[in-house]
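Residue-level structure breakdown
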Amino acid sequence: MVNPISSTTQPEATVPPQNESNERNSINPFFRSDFDEGIIRCKDGLILKCWRPLEGVSKTERIIRGIIYFLAMCYLFIGVAIVSDRFMESIEVITSSEKRVTVLNKNGQKETISVRVWSQTVANLTLMALGSSAPEILLSIIEMFQKNFEAGDLGPGTIVGSAAYNLFIIIAICMVVIPKGQVRKIRDFRVFVVTSVWSTFAYIWLCLIVKYISPGVIDIWEGLLTFIFFPILVYHAYITERRLFCPKCYKQSYETNQRGIVVGKVESAEQGMDPVRTSIKDLVESPEMREFEETRRDYIIKLKELRRRYPEYDLEIIQAMAQEQLIKDSRKSRAFYRVHTGRRLTGGPGVLNRALYFATMEISETKAEARMQGEEDEELYDDSETCIYFEHGHYTVMESVGDVELHVIRGGNLKHLTKVEYYTEDGTAKAGTDYVAVRGVLEFAPGIELQTIKIRIIDDDVFEEDEHFYVHLKNPSTEAVLVAPKVATIMILDDDHCGIFGFKETQHQIPETVKIYEIFVKRYSGALGRVIVPYYTKEKTAISGKEYVDVSGILVFEHGVVEQIIEVQIIDEHSFEKDVVFEVYLDQPRIAEEDPLYSRVNEVKLKREEERTNRVRILVSGQPKLSDDIKQIECHITANEEFTQTVNKLVKTANASKLIGTTSWKEQFVDALTVSGSGDFNSEEDNDEDEVEIDEDEDIEEKVGPSRGEYFMHFISIFWKICFAVIPPAKLHDGYPCFFVSIILIAICTAVLGDVSSHFGCTLGVLDSVTAICFVALGTSLPDTFASKVAAVHDKTADNAIGNVTGSNAVNVFLGIGIAWSMAAIYHAFHGNQFIVPIGSLLFSTTLFLIETSVAFVVIIFRREKSIGGELGGPVNLKWFHCIILVSLWIFYLTISTLEAYHIIPGF
């Protein structure tokens, strides 16, 4: 039974009303009588008492009280929104937690990866839904305590009114805010369908238990079953997302999303993949991995554009700026948008204000890790240990050098006498023919670091290929150890030949950051005379002037010189996956004209063959020539490995979730006292997919100052900010202290809000059911409206904007109604009576909402057709037409529900 003044004045009822029509006919005259007599029929709330006196109150005073109550409601809405944002911070920290799991790759090897602990669907339907709907749910539960476990209109009315507002108004607003020519589509449509069905069923079930199963009475099993539907909904949505209806048809694997976080994914077994193993290597073709690659590409484009705009900035600063932009552009959760918009609406510093700070920290950490890794890779010697090794591992000498000296170094502890043996070993050079073999013992007196081994090289007049032999160290003293290089290679070059010329290395991988790359040209099989070797470069896939600079010239090998360098300038484009090729050629070498050997060779060429001596023949055959194998090479210009690793790590850590939450109470109080106008999202993202534009007129140092509106909202809300700054920081102990303290404070604020709302209604003669759908539902849903609007514009999908609307609407009933009515039914059963729920306005407004819901769902499904392409945006005329339909449904719902509540039109 609905009380004509307020649900707070409803007397205890033990049976359903018998003559509802007579009571309805007396409603309006009763209100006029109360106003005329100056009587306010209010009762004390759970926390706030009525504004007394209640009798003899003039109409003017009644209106003034109503205005004050209304302003108090608005102020409480701000408080509830702020504490709910702290609650959402803790939820974001909790649901973004990760764990390490070990999987098998295709080769059967174990690899450890990071996996999200929370499924996205489960998080959205549990903690995320609880975070956005906590005021409505708690209001229904608290009202039950306030009314001594009797049915009220405020809590259920707020739940139904909020559902109508969410479905009609939020979706309508999100439809039209999408930039022209763009659309947003729900990605997880299967889950959306499931939550839509459950949302519809929730309100159908509400009508069934109120009107048909046990009219006007809620039994314990009905209340408990309403609550039990909540975990069933979550599980149904979960198995729909994971496609677990057919476990043999799908397998579990792990994929990397755009933030580098590995998340669970189900793939069809028909793809011919091993159903037992989960593989990281299979991720290359996954949608998530493609999105990761696109994010990485965007980062490189941003980096290039920023370097072009700010050439005076260091690369590290440019990387931090690009990383900041990447964090701002990365996919965000609904909790992120809720917290960010909540802060901005109350004049506080936006969450994205911290993006540059985190980007700078990530750059520093990445560089530090690279340096530490480099230090770990270096072989460090213990000063307390004696180490012995050759100064160089390779020596090249001329055949005519005579003696060659090899230096042996002792490092580390030099306090003791140290001995080490050495000996020579043949390679292609033979002892006795090409060199004199040696064997012996080196002694290092205390304090001595260096000893020398001398080896005689044998010179002859016979032309020979380059030859080599080895010198070994062995059997050091007890306190010493041999370390690399402990074998020296001696290469002997024949000095009776001008040489065979070719490149020293056939494979050249050139990091684009090298600036000047040195290509070594080597003279093999001799080192006689002064030889000139022409060279030149040639484009292949690399473009001269863009990726490198073409060079040409000559190399001059003086007598005895066996190596020269070609220098090529490499242009650094800071590309991520560059692999372009240019070629380097050597032309026919020749003896320099000024070299005496040049005239001698020309004289020999004039002699007949029978006149040439063996020495002359050696001179002619020893003229310089090119090597057939290595006279031309390909040089691959690639991205710098360190830069590549840095980009990979930065792209993986470009996670907006880390911006949510504070680490200390000091930081919270500073934020509470700070008014800021910067840190908002960029202007609408209507850039082409293949091009990232950066505003040329925007100064990187420029910060937008707070507006007057932001100052006003800051000072209006500063009381709530300071009060809720005492909540434990969200990043303390993984967010759980913040979670529990926040929900307690939400309950307290909601209790006060419920009292003020009831006092507002009974003071002005407004029914609780009307107050609920017209004021309370609107006030508690406004923060979600702004969050959804921002999410609709800046997300690539519609999931964060409207994808969770149906799930939240279902959760409101299953938790808000299920918990409250279960407690009331158990309480009344314990006292030997029944829990009475008047059919009245609740059944009518719920039925009206269900009818209009079918129209809204038809509009939503229709918008997925190819002609539109998504639930949000699309053709301008069409999106405004659909927006008007949804807004009209909401206005019609409010109007008809209000008229029925005052019995101006008949109800059920």
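What counts, and at which threshold
- Residues numbered from 1 in each chain as written.
- Predicted model: local features only at pLDDT ≥ 70, side-chain atom pairs only at ≥ 80, totals over all residues.
- Heavy atoms only, no water.
- Helix = DSSP H or I, 4+ residues; strand = E, 2+ residues; numbered from the N terminus.
- Buried < 20%, exposed > 50% of the residue type's maximum accessible area, 1.4 Å probe, protein only.
- Contact = heavy atoms within 4.5 Å.
- Areas by Shrake-Rupley, 256 points an atom, 1.4 Å probe, with all protein chains shown as cover.
- Arc of directions from axis to C-beta.
- Pairing = 2+ DSSP bridges.
- pLDDT = per-residue confidence, 0-100.
- Disulfide = S-S within 2.5 Å.
- Polar contact = N/O pair within 3.5 Å; in protein donor to acceptor, adjacent residues only side chain to side chain.
- Axes fitted to C-alpha atoms, helices over the stretch in contact; angles between N-to-C directions.
- Parallel < 35°, antiparallel > 145°, perpendicular 65-115°, else oblique.
- Salt bridge = Lys/Arg side-chain N within 4 Å of Asp/Glu carboxyl O.
- Core = buried A, V, L, I, M, F, W, Y, C linked by side-chain atoms within 4.5 Å.
- Expected span 1.5 Å × (residues − 1).
- Phe/Tyr/Trp six-rings, centres within 6.5 Å; stacked < 30°, edge-to-face > 60°.

1. So, the overall build of the chain
Helices and strands together make up the secondary structure of the chain, namely 22 helices and 27 strands. Per-residue burial for the chain yields a buried fraction of 54% across its 908 residues. Contacts in the chain between residues far apart in sequence, at least 24 positions, make up 77% of those at least 6 positions apart. Accessible surface computed for the chain: about 41100 Å², of which carbon and sulfur atoms make up 57%.

2. Remarks on helix H15 (residues 665-673)
Those residues of H15 that sit buried are Glu667, Gln668 and Ala672. Buried positions in H15, seen along its axis, are confined to an arc of 135° and lie on one side of it. Opposite the packed face of H15, turned more than 90 degrees from it, sit the exposed residues Lys666 and Leu673. Tucked inside the fold, the buried residues of H15 contact helix H3 (59-95) and helix H16 (708-724).

3. Observations concerning the sheet that holds strand E21 (residues 563-569)
Strand order in the open sheet made by the four strands is E21-E18-E16-E24, with mixed pairing throughout. For this open sheet the edge positions go to E21 and strand E24 (625-626), each flanked by a neighbour on one side alone. Bridging between strand E18 (residues 516-524) and E21 involves seven bridges; their strand directions are antiparallel. The partner of Ile519 across the bridge, within E21, is Ile566.

4. Section: the confidence of the model for the chain
Looking at the chain, the pLDDT average stands at 77 and 72% of residues meet or exceed 70. Averaged pLDDT values over the elements of the chain bottom out at 38 in helix H1 (residues 20-25) and peak at 93 in helix H22 (residues 876-901). With pLDDT under 50 throughout, residues 682-702 is counted as low confidence; its partners more than four residues away or in other chains account for 34 contacts.

5. Observations concerning the state of the cysteines
Overall, the coordinates contain one disulfide when judged by the stated rule. Note on cysteine connectivity: Cys42 is disulfide-linked to Cys762, with sulfurs 1.6 Å apart. Here Cys42 and Cys762 share a disulfide; its torsion about the S-S bond, 110°, makes the bridge right-handed. Of this pair, Cys42 sits in the loop between helix H2 (27-37) and H3 while Cys762 is found in helix H17 (residues 736-764), placing the two residues 720 residues apart along the sequence. Across the pair, Cys762 and Cys42 agree in class, each one buried.

6. Describing the side chain of Thr195
Relative to the helices and strands, Thr195 is located in helix H6 (residues 189-212). For Thr195, a relative accessible area of 2% puts it in the buried group. In terms of polar contacts, Thr195 uses its side chain to reach the backbone carbonyl oxygen of Phe192, at 2.9 Å. Aside from chain neighbours lying at most four places away, what touches Thr195 is Leu125, Leu233, Thr806 and Gly807.

7. Re the sheet that holds strand E14 (residues 480-482)
With mixed pairing, the four strands of this open sheet are ordered in space as E12-E9-E7-E14. Because the sheet does not close on itself, it has two edges, and the strands there are strand E12 (450-456) and E14. Taken pair by pair, the neighbouring strands of this sheet meet at an average axis angle of 25°, ignoring direction. The sheet contact formed by strand E7 (residues 386-390) and E14 spans three bridges and is parallel. Along E14, the bridge assignment pairs Cys387 with Val481.

8. With respect to the packing of helix H4 (residues 120-146) against helix H18 (residues 768-794)
Running from N to C, H4 and H18 point in directions that differ by 160°, and their axes come no closer than 8 Å. Taken as axis vectors, H4 and H18 run roughly antiparallel relative to one another. Facing H4, whose interface residues are Ser132, Pro135, Glu136 and Leu139, H18 presents Val776, Thr780, Ser781 and Asp784.

9. Quick word on the pattern of salt bridges
In total, this model carries 19 salt bridges according to the counting rule given. Across the pair Lys419 and Glu443 runs a salt bridge, and its minimum N-O distance is 3.7 Å. Here Glu443 lies in strand E11 (residues 439-444) and Lys419 lies in strand E10 (residues 418-426), a separation of 24 residues in the sequence. With relative accessibility at 43%, the residue Glu443 sits in the partly exposed group. A salt bridge links Glu547 to Lys546; its shortest N-O distance comes to 3.6 Å. Judged by relative accessible area, Glu547 falls into the buried class, the value being 6%. Ionic contacts of the salt-bridge type, sharing partners, join the residues Asp85, Arg338 and Asp784 into one network.

10. Let's talk about the nonpolar core
Within the largest apolar cluster, 125 residues are counted, with the highest numbers of intra-cluster contacts made by Tyr203 and Trp821. Examining the composition of this core, we find that 16 residues originate from one element, helix H5 (residues 154-177), more than from any other.

11. With respect to the pairing of strand E9 (residues 403-412)
Both E7 and E9 contribute to a ladder of five bridges, which runs antiparallel. Considered in E9, the bridge of Cys387 is made with Gly411. Relative to E12, E9 runs antiparallel, the two sharing seven bridges. Pairing of Leu406 across the sheet is with Ile453, part of E12.

12. Some words on the pairing of strand E17 (residues 507-511)
Of the two faces of E17, the one lined by His508 and Ile510 is fully buried and the one lined by Gln507, Gln509 and Pro511 carries no buried residue. One ladder, built from five bridges, connects E17 with strand E25 (residues 632-638); its direction is parallel. Looking at the pairing, Ile510 lines up with Ile637 of E25.

13. Observations regarding unusual backbone geometry
Along the chain, Arg52 connects to Pro53 via a cis peptide bond; the corresponding omega equals 5°. With respect to the helices and strands, Pro53 occurs in the loop between H2 and H3. Put simply, Ala484 and Pro485 share a cis peptide bond, and its omega is 0°. Relative to the helices and strands, Pro485 resides in the loop between E14 and strand E15 (487-493).

14. Some words on helix H7 (residues 220-242)
When the terminal C-alpha atoms of H7 are compared, their 34 Å separation across 23 residues agrees well with the 33 Å that a helix rising 1.5 Å per residue should span. Looking only at H7, the buried set comprises Glu222, Gly223, Thr226, Phe229, Phe230, Leu233, Val234, Ala237, Ile239, Thr240 and Arg242.

15. Section: the packing of aromatic side chains
Using the criterion set out here, one finds 28 aromatic pairs in the structure. A ring pair is formed by Trp51 and Tyr69, whose centres lie 6.0 Å apart and whose planes are at 80°; its orientation type is edge-to-face. Of the two residues, Trp51 sits in the loop between H2 and H3 while Tyr69 sits in helix H3, which places them 18 residues apart along the sequence. Taking relative accessible area as the criterion, Trp51 reaches 34% and is therefore assigned partly exposed.

16. Thoughts on the side chain of His759
Tracing the chain through its elements places His759 in helix H17. When its relative accessible area of 2% is taken as the criterion, His759 is described as buried. For His759, the side chain forms a polar contact with the main-chain oxygen of Leu48, separated by 3.3 Å. Dropping the residues within four chain positions of it, His759 is found in contact with Cys42, Lys43, Asp44, Gly45, Leu48, Lys49, Cys50 and Tyr69.

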